[in-house]
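Spelled out, the chains give:
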Amino acid sequence: MAKSNGILKIEGTIEDLTFYKQDGQHYVRRKGGVSKERIAGDPNYVRTRENNSEFGHCGNASRLLRLALGSMVARAKDSKLHSRLVQTLSRIKNLDTQSPRGQRMVGNGLDTPMGKQMLRGFDFNIHAPLQTVLEASYVVDATIGKLTFADLIPMDQVNFPEGATHFSLQTAFSVVDFGTGQSAIGYSPIENLPLNNQPTSLGLIVNNLPTGSGIRFFVLMISFFQEVNGVQYSLKNEGYNVLNVLEVL
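Residues numbered from 1 in each chain as written. Predicted model: local features only at pLDDT ≥ 70, side-chain atom pairs only at ≥ 80, totals over all residues. Heavy atoms only, no water.

Turning our eyes to something else, we now look at the pattern of salt bridges. For the coordinates displayed, the defined rule picks out seven salt bridges. We note a salt bridge from K93 to E54, for which the minimum N-O separation is 3.1 Å. With a gap of 39 residues between them, K93 in helix α4 (residues 81-93) and E54 in helix α2 (residues 46-68) connect regions that are remote in the sequence. Several salt bridges converge on common partners, so that one network encompasses R47, E50 and R101. (Salt bridge = Lys/Arg side-chain N within 4 Å of Asp/Glu carboxyl O. Helix = DSSP H or I, 4+ residues; strand = E, 2+ residues; numbered from the N terminus.)

Below, the structure written as structure tokens:
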């Protein structure tokens, strides 16, 4: 590694030289590392190949779960969702005691009680975790896809962003087979409520519970809106929305 003292401060790669900035200083180094061919065939890199295989599997599992939940994820996510989810699924994959190293699978890890617990409570939008947004008590019956609130007082029990006048609640029940890549989902009707002091009791029930083999997820989404002239608009590109895994079955 050498320090770059030239007039032009470049960052990037030119031929076999890489220019970069670190701690306010500019450096240059020659490209190196082990070739892909050696990693693919050298017996000394068998552990690297195993790690790469399992990492790729976890990346695919993250994508499958996000696609299974469809537009909900698109409306309630943060910029680092994929890496956070892959990290969680990698830990869950380690719970697979059936498969050899390099072939351990997320689905097998989620078949264990600990694996389910590790994904239970996961927030897809780290900027709007459920526990800090919703302070109301509720009852979850994931086996029938039902979430119940008794005397929910929005103004007191929902921490809402500035400018919001309304919010909506919706649940979904998804079945994901991480082995085959198949998934299905069912949604509850959307409950839209004003942010006021009026106590409200409601039950969100998923219509047409999906069937099939795989891991079952019961999730809750909370969205915020501002009403202007009778029309509700999403706030700040929906950056305040919540999407949380209530239960894993």
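If you trace the backbone, D96 turns up in the loop between α4 and α5 (106-110). A polar side-chain atom of D96 sits 2.9 Å from the main-chain amide nitrogen of M105. Contacts of D96, omitting those with residues within four sequence positions, involve Q103, R104, M105, N108 and G109. (Polar contact = N/O pair within 3.5 Å; in protein donor to acceptor, adjacent residues only side chain to side chain. Contact = heavy atoms within 4.5 Å.)

Inspection of every chain in the model, using the stated rule, returns four aromatic pairs. Here the aromatic rings of F122 and F124 are separated by 5.3 Å at their centres, their planes lie at 85 degrees, and the arrangement is edge-to-face. For F122, a relative accessible area of 8% puts it in the buried group. In this structure F124 comes out as buried when scored by relative accessible area, which is 0%. Measuring from ring centre to ring centre gives 6.3 Å for F178 and F217, while their planes differ by 80 degrees; the resulting arrangement is edge-to-face. With F178 in the loop between β7 (166-176) and β8 (183-187) and F217 in strand β11 (residues 215-228), this residue pair connects regions lying 39 residues apart in the sequence. Across the pair, F217 and F178 agree in class, each one buried. (Phe/Tyr/Trp six-rings, centres within 6.5 Å; stacked < 30°, edge-to-face > 60°. Buried < 20%, exposed > 50% of the residue type's maximum accessible area, 1.4 Å probe, protein only.)

Ranked by internal contacts, the top residues of the largest apolar core, which has 29 residues, are L65, L110, L119, F124, F178, F217 and L243. Where this core is concerned, the elements lending two or more residues are α2, α3 (71-75), α4, α5, β7, β11 and β13 (242-248). Look past the residues within four positions of L119 in its chain and what remains in contact with it is L65, L85, T88, I92, L110, F217, V245 and V248. Among the nonpolar cores identified, the runner-up in size contains 27 residues, and L147, F167, L220 and I222 belong to it. (Core = buried A, V, L, I, M, F, W, Y, C linked by side-chain atoms within 4.5 Å.)

Our focus in this paragraph is the environment of V133. Within the element layout of this structure, V133 appears in helix α7 (residues 130-133). Accessibility expressed as a relative area gives 6% for V133, which makes it buried. Taking the C-alpha atoms as reference points, V133 and I222, separated by 89 residues in sequence, lie 8.9 Å from one another. Apart from the residues within four sequence positions on either side, V133 is in contact with A128, Q157, V158, N159, F224 and V242.

Once that is clear, we can look at the sheet that holds strand β6 (residues 146-152). Strand order in the open sheet made by the three strands is β5-β6-β10, with antiparallel pairing throughout. Every interior strand has two partners, whereas the edge strands, β5 (138-141) and β10 (200-205), have only one. Taking the axes of each pair of neighbouring strands and ignoring which way they run, one obtains an average angle of 10 degrees across the sheet. As paired elements, β5 and β6 share four bridges and run antiparallel to each other. By the bridge assignment, Y138 is partnered in β6 with F149. (Pairing = 2+ DSSP bridges. Axes fitted to C-alpha atoms, helices over the stretch in contact; angles between N-to-C directions.)

Our focus in this paragraph is the environment of M118. With respect to the helices and strands, the residue M118 is situated in helix α6 (residues 113-119). Beyond its immediate sequence surroundings of up to four residues, M118 is in contact with T88, R91, I92 and L95.

Secondary-structure assignment places S223 in strand β11. Not counting residues up to four positions away in its chain, the partners in contact with S223 are R75, H166, F167, S168 and N241. Of note is the side chain of S223, whose polar atom sits 3.3 Å from the side chain of R75.

Remember that the coordinates give geometry; whether it matters functionally is a separate question.
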